[in-house]
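Architecture at a glance
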Amino acid sequence: GWMWLSNVYAPIEVYYGALEVATRYWDEHIMEPYKGEIEGISKCTGLSVYNLTAANLIYDISAFCTSIVAQNTDGTLYHGRNLDYPIPPFRPLIIQAEFVKDNKRVFMSTTYVGFVGILTGQVSYGYTLSADQRFNGSLMENLEAMHQDNLPVTWMMRNVLTNITEYKPAIEQLANTPIQAPIYIIVGGVNEGEGIVITRNQTGAVDMWDLSESEYDWYVVETNFDHWEPAGDNRRATAVEQMNSIGPDKINNITLRNDVELVYPVFNNKTQYNTQMSAKYPDMYNTIVVDYKPSTTTPGPN
């Protein structure tokens, strides 16, 4: 029943020219548990392990996103994120997944069928996190990091979600673990002031921007540009305008979604899903699959 997945993943290696890179990575650098999981998916789908590996590596070069952590007046932290991907066939593969060990939840996540990494996740009563691509450096630097056994960003994030239950130790690992490509990692906690954007290169953090340092005072917003530099599009400006119009007394998971992250151009034709989460209230975790339709006045979820 999984053969349909090949219709989505089969073109990836050609589209990105990634098969050669994925083949070398699989032969020389792949590690457990990801190796075994990709082999299992390969057996179920008929796709080669190289094709699946290529698909698992493309987040590091292809994603546009918006992530916001906001603190309301009672100290509750809300974390919302849009995942923007330029590959429409991936939209039907989106799943909200619960990772369980010994009959206990380890973390919640939103990802794609066939992916073994995590793009968006939450540890109950611990922290929430999301990753936004940072277009800095070069492909050659990414390849060099790959062949130094640096982890793909999404695999590193899954390792953190699996093994770390608290905000501050998670921040330490997310800031310092070697990875394959530059990235922004956005994290929200459970206590007042626990919200941060970690700006990363392959070797470590180049900037740690938390709520206490934010010029917005009660929230941080990250798209795909260094927060200290002008943005290359209007998503940041629109998010800031909408957040300021709502204010900390009215911000919650509903207003963050409907009045900020589902407003154009924060919500755009590449947006595939929106997730709302709060580590303090873990049952709030919710993902909707979205499809922007400019002909409608109030675009919404599928």
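Residues numbered from 1 in each chain as written. Predicted model: local features only at pLDDT ≥ 70, side-chain atom pairs only at ≥ 80, totals over all residues. Heavy atoms only, no water.

**Some details on the overall build of the protein**
Secondary structure summary: the protein contains eleven helices and twelve strands in total. Within the protein, the proportion of its 302 residues that are buried is 57%. Once local pairs closer than 6 in sequence are excluded, the contacts in the protein between residues at least 24 apart make up 64%. (Helix = DSSP H or I, 4+ residues; strand = E, 2+ residues; numbered from the N terminus. Buried < 20%, exposed > 50% of the residue type's maximum accessible area, 1.4 Å probe, protein only. Contact = heavy atoms within 4.5 Å.)

**What about the pattern of salt bridges?**
Under the counting rule described, the total for this entry stands at seven salt bridges. For the salt bridge of Arg235 with Asp233, the shortest nitrogen-to-oxygen distance reads 3.0 Å. On the accessibility criterion, Arg235 (5% relative accessible area) is buried. With relative accessibility at 28%, the residue Asp233 sits in the partly exposed group. (Salt bridge = Lys/Arg side-chain N within 4 Å of Asp/Glu carboxyl O.)

**A short note on the side chain of Asn82**
Take Asn82: it is sitting in strand S2 (residues 77-84). When its relative accessible area of 0% is taken as the criterion, Asn82 is described as buried. Here the side chain of Asn82 touches Val266 through a polar contact of 3.1 Å, landing on its backbone oxygen. In this view, Asn82 contacts Cys65, Thr66, Glu261, Val266, Phe267, Thr271, Tyr273 and Asn274; residues no more than four positions away in its chain are not counted. (Polar contact = N/O pair within 3.5 Å; in protein donor to acceptor, adjacent residues only side chain to side chain.)

**Regarding the confidence of the model for the protein**
Per-residue confidence for the protein gives a mean pLDDT of 88, with 86% of residues at or over 70. Low confidence marks residues 296-302, where pLDDT is under 50. Its contacts with residues over four positions away, or in another chain, come to 14 contacts. (pLDDT = per-residue confidence, 0-100.)

**Some remarks on helix H4 (residues 34-45)**
What sets the pattern is the α-helix's 3.6 residues per turn: residues three or four places apart point alike. Between its terminal C-alpha atoms H4 stretches 16 Å, which fits the 16 Å expected from twelve residues at 1.5 Å a residue. Considered for burial, the residues of H4 that qualify are Tyr34, Ile38, Ser42 and Thr45. Here the buried residues of H4 occupy an arc of 80° about the axis, which is enough to place them on one side. Note on H4: the residue one or two positions beyond its end, Gly46, has a positive phi of about 85°. (Expected span 1.5 Å × (residues − 1). Arc of directions from axis to C-beta.)

**What to know about the pairing of strand S6 (residues 127-133)**
A regular strand places its side chains so that they alternate between the two faces of the sheet. For S6, the tally of buried residues reaches seven of seven residues, placing the bulk of the element in the interior. Side chains Tyr127, Leu129, Ala131 and Gln133 of S6 all project onto a buried face; the interleaved residues Thr128, Ser130 and Asp132 project onto the opposite face, where all are buried too. As defined by bridge partners, strand S5 (residues 120-123) adjoins S6 across four bridges and the pair is classed as antiparallel. Each residue of the ladder has a partner; that of Gly121, found in S6, is Leu129. Connecting the antiparallel pair S5 and S6 is a turn made up of three residues, with Tyr125 showing a positive phi of about 60°. (Pairing = 2+ DSSP bridges.)

**What to know about the nonpolar core**
Core analysis: the biggest nonpolar cluster contains 35 residues, and Ile38, Tyr127, Trp155, Leu174, Val187 and Ile198 have the highest contact counts within it. If you tally residues by element for this core, the top one is helix H8 (residues 153-163), at six residues. Val69, Ala70, Ile246 and Met284 belong to the second largest nonpolar core, which has 24 residues in total. (Core = buried A, V, L, I, M, F, W, Y, C linked by side-chain atoms within 4.5 Å.)

**Observations regarding unusual backbone geometry**
Of the consecutive residues Glu32 and Pro33, the connecting peptide bond is found in the cis state with omega at 5°. Looking at the secondary structure, you find Pro33 in the loop between helix H3 (19-28) and H4. Pro265 follows Tyr264 through a cis peptide bond whose omega is 5°. In this structure, Pro265 sits in the loop between helix H11 (253-261) and strand S11 (271-277). One non-glycine residue, Asp102, lies in positive phi territory at about 55°. With respect to the helices and strands, the residue Asp102 is situated in the loop between strand S3 (94-101) and strand S4 (104-112). Residue class for Asp102 comes out exposed when judged on its relative accessible area of 66%. Its identity as a non-glycine residue notwithstanding, Tyr125 has a phi of 60°, on the positive side. Structurally, the position occupied by Tyr125 is in the loop between S5 and S6.

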